[in-house]
Amino acid sequence: MIALHGGETIPVVDPTSADGVFSLLWLIIALPLAGAAILLIGGKYTDKWGHLLGTALPIGSFVLSVVMFFSLLGRADDDRQVSQHLYTWFEVGHLDVGMDLLYDPLSALFLLLITGVGSLIHVYSIGYMSHDPRRRRFFGYLNLFVSAMLMLVLAENYLGLFLGWEGVGLASYLLISFWQHKPSAAAAGKKAFVINRVGDMGLSLAIMMFFVLFGSTSFTVISENVANASETQVTILGLLLLVGACGKSAQFPLQAWLLDAMEGPTPVSALIHAATMVTAGVYLIVRSNFVFELAPHAQTAVVVVAIISIFWGAWIGCAKDDIKKALAGSTMSQIGYMMLAAGLGVAGYAFAIFHLLMHGFFKANMFLGAGSVMHGMDDDVDMRHYGMVRKAMPITYLTFAMGYLAIIGFPGFSGFWSKDKIIETALADNWLVGLCALLGAGVTGFYMTRMMLMTFFTNKRWEKDVHPHESPSVMTVPLIVLAALSVLGGVLILNDWIVDFLAPVTGVGAHEDPPLPALVISIIAVCVVAVGVALAWVLIGKRDVPREAPQDVSFVTRAGREEVYGNLINDTLVVNPGRHAVAGSLVLDDKVVDGVLTGGPMAVGALATVGRRVQNGYVRSYALSLLAGTLIVVLALLAVNLT
Amino acid sequence: MNITAYIVLSGILFTIGCVGVLTRRNAIVVFMCVELMLNASNLALVAFAKQHGNLDGQIAAFFVMVVAAAEVVVGLAIIMTIFRTRRSASVDDASLLKY
């Protein structure tokens, strides 16, 4: 235990060795990894059954996760950390890195989310990608993605986590640019990869610093010794980890890749936004709670980044007409909520994870729903070409509506419980932060209602030759399951179950009463959301939506359509200076370096032009120089001999 | 035995040959001058051999003669060929091999 001021404690990581069912921990990662290997190495020989195998293996991991989850529940509260040593990864000098896995309540919940939602997305993809000639390869990449994410959450040390972290980056690159014949998709993949590298730099520096300070990268060792480090060191560590988290979770200022990532097939977006990838940053911060608890300044930075991201994402969500990009903006905003909760410390970690799980359900639901709509609308993503889709696609409509009600926080739905808890905790911590969170909820209500209205209600705007139709059941069944989870997910908070369950990892916070009773806060939050919804209804629902986006709009809308100029900022601050630096170094290379290298031979050549005049072709002049040379030699010899 | 006279004669012959090589244009004459220089050195070698009372110098002179004979064969052949192609035996005319 690390005791903090104010009666809070955070537990150290102290796992017991894995036995029984837990000794199969490695299999959870190995199953999808084997799937990826078989599908990608097997090539076209696996075309026929590849998608079935690729779906079955994550389901296998899900079954194992469920079994282990219940075994973990059967254990005592203080005995819920299990580690498995697989083998020594490498041993260099004092650095001894084992391939160790850690299974505790935090990883348990992540495993359920990743394998559960991930499996549903796999099932959905069977239908969604059925006409794609490269479907088998797609499933190989999906399996790689899932296994990398599982490695990330199961690793017992930061290097193992980093392995999964990079695996996730690789898989996201492969999947975002899956339709690589489109230049925009290829560019989006590269962009995601490059921006993620910036975040990875922060994480890898943090890992190096962990090694320098504690001689190890293991959670167990670091959590035991972190209290010995100075506050400056811990703050730097926290900030470096935050940079890593920002990259992976698309938080300000490393958010620009998230919207371009919509170039990938829709199931990929669902996987990135709900089950894998963007949740990794939140995981990293909650997992590193022993660092952040000792670094209040780093926590403040997390909160600031989170609040900027909440509004930045919401702004984009309000203005985009592309349904997937609007959803992506919403993801950035919702991840901001999780980061906010994680930045609030012991009181907030459990709620961050709670919101992460709920978000996994409803966001996967809505992304897959959006995919279903696109499927019926000939892959059109512009909401201005939709309208009244509800008549043609009733199941998609109903399931999407469940996700919608969950994300805006309609009382009783999963998002209501999770967002309410975050707002409450934020208010208890700092009224300004709480107010921002409250306001963000209102904006969420606005942009989600806008999306809902433009897609499923308002006037019919699609072309004559577009015939929206309901998707096949292989796609709607996952939607129904996810919709049910979006509705019912809130049960996890009953009796504060999830808080108690996560306590062995996140610690027990001193209870801080919010300035207002919880019920009053909930009512205010619902009212704020209602205002947002009403505003959307007045602005969009009550009138006809034009088929073309109006151009004479306010600066706020234009900025939102331009993703709040995130790309412009990146271009101005990084990309263009980089280009100029490259052009400059090219000139330097051509003129200076090449100048020196070619200048030497040129000088020798010039000298030779003068020297070769001696070769004038006249034999007699050669004879004269021969004679002269001989004379000089003879005279020299005489001079030496005579003296 | 005093060999000074021989050495002086050898020096005079060598100088004549040398000046001939440097000043004459006709390839045959230049060639003859080269032979003169070789024989001047032969004379010096034989004179020194006589002074030292051994055969080293005379053997060297034989070598020079053999080499000179071979050189005459090759050199005359080259001069003949040049004369046939260029209708001239002037060494200054054969000045193609230059910068």
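This is a predicted model, so every value here is computed, not measured.

Quick look at the confidence of the model for chain A
Part 1 of the reasoning: Here chain A shows a mean pLDDT of 87. Residues at 70 or above account for 98%.
Part 2 of the reasoning: Of all secondary-structure elements in chain A, the lowest mean pLDDT belongs to strand β1 (residues 2-3) of chain A, at 61, while helix α4 (residues 135-154) of chain A reaches the highest, 92.

Quick look at the layout of surface pockets
Residue and element names in this part refer to chain A.
Part 1 of the reasoning: Roughly 670 Å³ of internal volume is contained in the second largest pocket.
Part 2 of the reasoning: Considering the residues around the second largest pocket, the lining is formed by 26 residues, among which Cys 318, Phe 446, Arg 450, Leu 539 and Ile 540 are closest to the centre.
Part 3 of the reasoning: Residue assignment for the lining of the second largest pocket shows that the elements contributing at least two residues are α13 (296-319), α19 (431-456), α22 (518-541) and α23 (555-561).
Part 4 of the reasoning: With 6 residues, α22 is the largest single contributor of residues to the lining of the second largest pocket.
Part 5 of the reasoning: A class-by-class count of the residues in the lining of the second largest pocket yields 16 nonpolar, 4 polar and 6 charged.

Let's talk about a nonpolar patch on the surface
Residue and element names in this part refer to chain A.
Part 1 of the reasoning: There is a patch of nonpolar side chains on the surface, built from Leu 588, Val 592, Val 593, Val 596 and Leu 597 and spanning about 470 Å² of accessible area.
Part 2 of the reasoning: Mapped onto the fold, Val 596 is located in helix α24 (residues 566-611).
Part 3 of the reasoning: Residue class for Val 596 comes out exposed when judged on its relative accessible area of 61%.

Structural notes on the interface of chain B and chain A
Part 1 of the reasoning: Contact with chain B, which involves 13 residues of that partner, is made by 12 residues of chain A.
Part 2 of the reasoning: For the pairing of chain B and chain A, the buried interface totals around 1100 Å² over both sides, and the portion due to carbon and sulfur atoms is 62%.
Part 3 of the reasoning: Among the residues chain B hides against chain A, the three largest losses belong to Leu 22, Asp 92 and Tyr 99 of chain B. Together they make up 54% of the total.
Part 4 of the reasoning: On the surface where chain B and chain A come into contact, there are 1 salt bridge.
Part 5 of the reasoning: Of the charged contacts in the structure, one is a salt bridge between Asp 92 of chain B and Arg 620 of chain A, with a shortest N-O distance of 2.5 Å.
Part 6 of the reasoning: Joining chain B to chain A, the criterion identifies 3 residue pairs in polar contact (both at pLDDT 80 or more).

Parameters and conventions
- Residues numbered from 1 in each chain as written.
- Chains lettered and ligands numbered in written order.
- Predicted model: local features only at pLDDT ≥ 70, side-chain atom pairs only at ≥ 80, totals over all residues.
- Heavy atoms only, no water.
- pLDDT = per-residue confidence, 0-100.
- Helix = DSSP H or I, 4+ residues; strand = E, 2+ residues; numbered from the N terminus.
- 1 Å grid on protein atoms, 1.4 Å probe; cavity = no way out; pocket = protein on both sides within 12 Å on 5 of 7 lines; lining within 4 Å.
- Points joined across faces, edges and corners; volume = space filled by probe spheres on them.
- Nonpolar A, V, L, I, M, F, W, Y, C, P; charged D, E, K, R; others polar.
- Patch = residues over 30% accessible without salt bridge, like charges linked within 9 Å, V, L, I, M, F, W, Y side chains within 5 Å.
- Areas by Shrake-Rupley, 256 points an atom, 1.4 Å probe, with all protein chains shown as cover.
- Salt bridge = Lys/Arg side-chain N within 4 Å of Asp/Glu carboxyl O.
- Buried < 20%, exposed > 50% of the residue type's maximum accessible area, 1.4 Å probe, protein only.
- Contact = heavy atoms within 4.5 Å.
- Buried area = accessible area lost by both parts, 1.4 Å probe.
- Polar contact = N/O pair within 3.5 Å; in protein donor to acceptor, adjacent residues only side chain to side chain.

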